[in-house]
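# Examination of the molecular architecture
Letter by letter, the chains look like this.
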Amino acid sequence: MNITSDLDVTGFAFTRSAWVDAAPIRVYELISDVSAIGRWSPTASGVAYDDGDGPWPGAWFSGANRREDREWTTRSQVEKADPGTAFSFVVGGTGDGIVRWAWDFRAQGSGSLVRQSWRLLRFDPVLGRTVAELEALREYMAASVETTLAALAQWVAEQGGSLR
């Protein structure tokens, strides 16, 4: 059964976390440099800020994405950019976007607890036309985030403490 625009999307969200051997400000610098996400993410690549934009609220960037046999480009707008604390953006823009991606960083021991969240903000058939399709998308994105966080933690560890 197809769903409609009045679907309650609050359940289409998740948060995953990982410990990273770097200071929160260093992890923030890596994540807010959106062009670096392709190092760790199995779904995103070719991400770049618009000319003259950077990691500050209101900045726009584009990115290529892939899932199984599908590829597409997104436009996203930075929502929050608090160095060393939080970074978030909304796919489609902060005014009427469809998905919020958020990261937060907290000192923990000699490194950081890094949390990455995904939240569906509104129904859009491009993401799925049934509840089952949206649930499958959420599970796919959760697995992608787990892979991304593990790859980020490993990459930072391979830098040999140069990010502390």
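Our structure is the block above this text.
Notes on the structure follow. Please read these numbers as outputs of a predicted model, since none were measured by experiment. (Residues numbered from 1 in each chain as written. Predicted model: local features only at pLDDT ≥ 70, side-chain atom pairs only at ≥ 80, totals over all residues. Heavy atoms only, no water.)

### Some remarks on the overall build of the protein chain
When helices and strands are counted, the protein chain shows 2 helices and 7 strands. Going from N to C terminus, the protein chain has its helices and strands arranged as β-α-β-β-β-β-β-β-α. C-alpha extents for the protein chain along the principal axes are approximately 50 × 30 × 30 Å. Expressed as a percentage of its 164 residues, the buried residues of the protein chain come to 45%. Per element, the accessible surface of the protein chain, about 8,300 Å² overall, is 49% carbon and sulfur. In the protein chain, 16 positive and 21 negative side-chain charges are present, and the distance between their average locations comes to 3 Å. (Helix = DSSP H or I, 4+ residues; strand = E, 2+ residues; numbered from the N terminus. Buried < 20%, exposed > 50% of the residue type's maximum accessible area, 1.4 Å probe, protein only. Areas by Shrake-Rupley, 256 points an atom, 1.4 Å probe, with all protein chains shown as cover. Lys, Arg positive; Asp, Glu negative; His and termini not counted. Charge placed at Lys NZ, Arg CZ, Asp CG, Glu CD.)

### What to know about helix α2 (residues 131-158)
Along its 28 residues, α2 runs 40 Å from first to last C-alpha, staying within 8% of the 40 Å computed at 1.5 Å per residue. Against β1 (13-20), α1 (24-32), β3 (60-67), β6 (99-108) and β7 (111-120) lie the buried residues of α2. Downstream of α2 by a residue or two, Gly160 has a phi angle that is positive, lying close to 70°. (Expected span 1.5 Å × (residues − 1). Contact = heavy atoms within 4.5 Å.)

### Some thoughts on the pattern of salt bridges
Under the counting rule described, the total for this entry stands at 7 salt bridges. Note that Arg122 and Asp96 form a salt bridge whose closest N and O atoms lie 3.2 Å from each other. One end of the pair, Arg122, is in the loop between β7 and α2; the other, Asp96, is in the loop between β5 (86-91) and β6, and 26 residues separate them in sequence. Residue classification places Asp96 among the exposed positions, given a relative accessible area of 53%. Asp104 is the partner of Arg115 in a salt bridge, and the nearest nitrogen-oxygen pair spans 3.1 Å. Highlighted residues: Arg115 in strand β7 and Asp104 in strand β6, separated in sequence by 11 residues. (Salt bridge = Lys/Arg side-chain N within 4 Å of Asp/Glu carboxyl O.)

### Quick notes on the nonpolar core
Phe87, Trp103, Trp118 and Leu152 are the most contacted members of the largest nonpolar core, which has 42 residues in total. When contributions to this core are tallied by element, the ones reaching two or more residues are β1, α1, β2 (44-49), β4 (70-82), β5, β6, β7 and α2. Looking at this core, the element that brings in the most residues is α2, giving 9 residues. (Core = buried A, V, L, I, M, F, W, Y, C linked by side-chain atoms within 4.5 Å.)

### Section: the sheet that holds β5
One open sheet accounts for 7 strands, arranged β1-β7-β6-β5-β4-β3-β2; its pairing is antiparallel. Looking along the sheet, the strands with just one partner apiece sit at the ends: β1 and β2. Adjacent strand axes in the sheet meet at a mean angle of 20°, parallel and antiparallel pairs treated alike. In terms of strand pairing, β4 meets β5 through 6 bridges, oriented antiparallel. Across the sheet, the residue bridging to Ser76 is Val91, located in β5. Contacts between α2 and the sheet are confined to β1, β3, β6 and β7, with β1 contributing the most and set at about 10° to the helix. (Pairing = 2+ DSSP bridges. Axes fitted to C-alpha atoms, helices over the stretch in contact; angles between N-to-C directions.)

### Looking at the layout of surface pockets
Rolled over the atoms, a probe as big as a water molecule pinpoints where empty space is left. Estimates place the volume of the largest pocket at around 680 Å³. Contributing to the lining of the largest pocket are 37 residues, with Asn65, Thr74, Val91, Trp101 and Met141 lying nearest its centre. Secondary structure elements with two or more residues in the lining of the largest pocket: β2, β3, β4, β5, β6, β7 and α2. Its residues placed into classes, the lining of the largest pocket shows 20 nonpolar, 11 polar and 6 charged. (1 Å grid on protein atoms, 1.4 Å probe; cavity = no way out; pocket = protein on both sides within 12 Å on 5 of 7 lines; lining within 4 Å. Points joined across faces, edges and corners; volume = space filled by probe spheres on them. Nonpolar A, V, L, I, M, F, W, Y, C, P; charged D, E, K, R; others polar.)

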